[in-house]
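Observations on the three-dimensional arrangement
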Amino acid sequence: MAVQTKTNRKSHIPEKSLLFEKIVPIALIVMGVITLALMIFAAGVLLGIIHF
Amino acid sequence: MSINQVLPFISTAVMLWFTVDVLQRYIVRRNPAFLFWGIGLAMFGAGSFAEAYLSLSWNKWMFFVWYLFGAALNAAWLGHGTLYLLARKKWRHVVTVFLVAGSLFALYLMLQAMPKLDEAVFTTNKPVSEQYGTKALEAGATVPADAQTIITTYRGKEVTAVRGLLPLGTPVRLTTPFFNIYGLFTLVGGAIYSAYLFWRKRVMPNRVIANVLIAAGALAIGSASTLTRLGYGQFLYLGELISAIMMFIGFRMAAKPQPDEVIVSNSIPASAD
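As the structure is a computational prediction, the values presented were derived from the model and not from experiment.

**Remarks on the overall build of chain A**
- Counting its regular elements, chain A contains one helix and one strand.
- Counting the 52 residues in chain A, one finds 15% classified as buried.

Okay, structure coming up:
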């Protein structure tokens, strides 16, 4: 019986990795908060609430 | 030359390399995302070069390049490249029309502002980002030690202002927050969203890290610019270089072909005979 091999080429995030379990999610949340703060700051400048 | 005069030239070299790399990918793949990133990076590089030049000498057209491309437009064009990867086709075209029209309008306003520049206030002793804008002082506010002031009329009132290159109320300054909010939302927001999607699906770890680096790089320059405007200009050039390097590494990682880390073999009967 002939056998064909199908290859899944997607690489996976390693299990129990400190980088992907802790550091990446925290980094994403922190960057999201900073982005929001910068956007509010820029909007404040645009609306004339913050002067500079 | 001081370290603060050398850093922007290094950032410019990194951005030039980055721009050529991205535009080469556009020529090969014809993906508009690469074109918009390439244009945004070229603007970033031009702004960085103009800033480096202005740390050594004055030239009003270098200021034009620095303000229009470096301070106003580059983030929006970079972010628009990310939008092309994430948004639906209909929306991409609509937003592209707005971006191009808005950029041309900002160009027109900047050209209008050029004859009104207060060139006498320029000094190479501090970054251009600390001296480009004239700032009206609140009643009772103390004047910074090295600042030159002027009494002028603004919105019908006589005010004391710290002199800057662009006069008080120059219309082109009103366009900058629009471009920067859009650029921040699409570039950083898009990178965070992409990283989250790959992370949640537990696939393509290199794309997760690549997008984290792109978001962090964009935030580094965004934060450094904001700090400069708040009076902490010493971080600007370092922030620019870190930003250029992080985004470049992130981009290279994202564009790299995936290694065959997981191989799933399925035995399938080839035929019944």
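**Regarding the environment of Lys16(A)**
Residue and element names in this part refer to chain A.
- Checked against the element boundaries, lysine 16 lands in the loop between strand E1 (3–4) and helix H1 (18–46).
- A tally of 6 C-beta atoms within 10 Å means that lysine 16 is categorised as exposed.
- For the pair lysine 16 and alanine 37, spaced 21 residues apart in the sequence, the C-alpha separation amounts to 32 Å.

**Brief notes about the sheet that holds strand E1 (residues 135–136) of chain B**
Residue and element names in this part refer to chain B.
- In spatial order, the strands read E1-E3-E2; together these three strands make up an open sheet with antiparallel pairing. Each edge of the open sheet is held by one strand with a lone partner, namely E1 and strand E2 (149–154).
- Looking at chain direction, E1 and strand E3 (residues 157–162) are connected through two bridges and run antiparallel. Residue pairing across strands places lysine 135 opposite valine 162, the latter belonging to E3.

**What about the pairing of E2(B)?**
All names here are of chain B.
- Relative to E3, E2 runs antiparallel, the two sharing six bridges. Paired with threonine 149 across the bridge in E3 is valine 162.
- Where E2 hands over to E3, the hairpin turn is made up of two residues, of which arginine 155 adopts a positive phi near 50 degrees.

Reading the values: rules and limits
- Residues numbered from 1 in each chain as written.
- Chains lettered and ligands numbered in written order.
- Predicted model: local features only at pLDDT ≥ 70, side-chain atom pairs only at ≥ 80, totals over all residues.
- Helix = DSSP H or I, 4+ residues; strand = E, 2+ residues; numbered from the N terminus.
- Buried ≥ 20, exposed ≤ 12 C-beta atoms within 10 Å, placed from the backbone.
- Pairing = 2+ DSSP bridges.

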